[in-house]
Amino acid sequence: MQSAVLVVAVGILALIAYGDVRTRRIPNALSLVIATLGLARLALAHDAAAAGHTLAAASVTFTVTLLLFWRGVIGGGDAKLLAAVVLLIGHQELLGFLFLMSLCGGALAAAILARDQLRLQYWRLFRLARLPALTEAVRSTTAPIESTVPYGVAIAAAGVITLILETSLAR
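Reference entry: report on the structure contained in this document. (Residues numbered from 1 in each chain as written. Predicted model: local features only at pLDDT ≥ 70, side-chain atom pairs only at ≥ 80, totals over all residues. Heavy atoms only, no water.)

### Considerations on the nonpolar core
As a reminder of what qualifies: Residues grouped as a nonpolar core are buried Ala, Val, Leu, Ile, Met, Phe, Trp, Tyr and Cys residues, joined through side-chain atoms within 4.5 Å. For each residue, the accessible area found with a 1.4 Å probe, counting protein chains only, is set against the maximum for its type, and the residue is called buried under 20%, exposed over 50%, and partly exposed in between. Strands are runs of DSSP state E lasting at least two residues, helices are runs of H or I lasting at least four, and both sets are numbered from the N terminus onward. Any pair of residues with heavy atoms lying within 4.5 Å of one another is described as a contacting pair.
Leu13, Ile16, Ile34, Val85 and Phe97 are the most contacted members of the largest nonpolar core, which totals 36 residues. If you list the elements that add at least two residues to this core, you get helix H1 (2-23), helix H2 (28-45), helix H3 (48-70), helix H4 (76-89), helix H5 (94-129) and helix H7 (151-170). In terms of residue count, H4 provides more of this core than any other element does, 8 residues in total. Each residue touching Ile16, except ones within four places of it in the same chain, is listed here: Ile26, Leu30, Ile34 and Leu81.

### Here's the deal with unusual backbone geometry
Backbone geometry at Arg24 places phi at a positive 60 degrees, although glycine is not the residue there. Among the structural elements, Arg24 can be located in the loop between H1 and H2. In this model, His46 sits at a positive phi of 55 degrees, which is unusual for a non-glycine residue. Given the relative accessible area of 71%, His46 is considered exposed.

### Brief notes about the layout of surface pockets
Rules: Here a cavity means grid points, on a 1 Å grid over the protein atoms only, where a 1.4 Å probe fits yet cannot get out; a pocket means an open set of points with protein on both sides within 12 Å along at least five of seven lines; lining residues are those with an atom within 4 Å of a point. Grid points are joined across faces, edges and corners, and a volume is the space filled by probe spheres set on the points.
Computed from the structure, the largest pocket encloses a volume of approximately 300 Å³. Lining the largest pocket are 15 residues, and of these Arg24, Ile74, Gly75, Asp78 and Val149 lie nearest its centre. Ranked by residues supplied to the lining of the largest pocket, first place goes to H4 with 3 residues.

### Section: a nonpolar patch on the surface
How we decide: Like-charged residues are merged into a patch within 9 Å and nonpolar side chains (Val, Leu, Ile, Met, Phe, Trp, Tyr) within 5 Å, provided each residue has over 30% relative accessible area and no salt bridge. The Shrake-Rupley method, run with a 1.4 Å probe, gives the accessible areas here. Residue values count only the displayed protein chains as cover. Here, a salt bridge means any Lys or Arg side-chain nitrogen found within 4 Å of an Asp or Glu carboxyl oxygen.
Where nonpolar side chains cluster on the molecular surface, the patch consists of Val60, Val64, Leu68 and Val73 and spans about 340 Å² of accessible area. Among the structural elements, Val60 can be located in helix H3.

### Some thoughts on the pattern of salt bridges
If you walk through the whole model with that rule in mind, you get 2 salt bridges. For Arg41, the salt bridge is made with Glu166, and the minimal N-O distance between the two is 2.7 Å. Taken together, the positions of Arg41 in helix H2 and Glu166 in helix H7 put the pair 125 residues apart, joining distant regions of the chain. With a shortest N-O distance of 2.9 Å, Arg115 and Asp116 are connected by a salt bridge.

### Quick notes on the environment of Gln2
Using the following cut-off: Distance and chemistry together define a polar contact, namely a pair of N or O atoms within 3.5 Å, with one atom able to donate a hydrogen and the other to accept it when in protein, and with adjacent residues in sequence counting only for side-chain atoms on both sides.
With respect to the helices and strands, the residue Gln2 is situated in helix H1. A sequence separation of 70 residues divides Gln2 from Gly72, and the C-alpha atoms of the two residues are 36 Å apart. Apart from the residues within four sequence positions on either side, Gln2 is in contact with Arg41, Leu44 and Ala45. A distance of 3.1 Å separates polar atoms of two side chains, one belonging to Gln2 and the other to Arg41.

In short, geometric facts, not functional conclusions.
Now the structure itself:
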C-alpha cells in the first residue's frame, strides 16, 4: 500500500510541476491530495510518535510559509504545497528535503535569469541591426516583465527525489 501511495504522489507532484511552469498556479485540490496521501502514509506507518512529529513539522512549515506569503516572498500555492509535501515525506527527511529544494530552486532561478539575459541580448542585437519588422516583433515579446520562479517545480522535484531516496534506502 505504501508503494501505491508513493506512485500516486510522484504522479501528482509531476502534474503540479508541469502546471506551475505553464500557469504559475498550484491548484488547492492537488495540494490537498498530497496532504491526504501524507496523512495516509502516517496512518499506514502505525507510529504515533513519528506521526506527531510530522504533524508538528508540517504545522511549523505552514506557519513559516504563510508568513513568507503574507510578506510577498512566496506564492500561496507554494506555501500550501510545501506543508503538504512535509506531511508526505515525514519529519525524518525534512532537512534533506529542504536542502534539495533549495538546490533545485537555485538551479531553476539561474536558468530563468539566463533566459531573461538571452532575451535581452537578442532584443539589443535586433535593435542595433535596425531591422524594424524584427525589432517590433521582439519588442512586443520582450516587454519589461517581472520574471517569476515557479517554485512549485523545485518543491515537487525535491519531494520526488526525497521519496525515491527514502524508499530505495529503506530496502
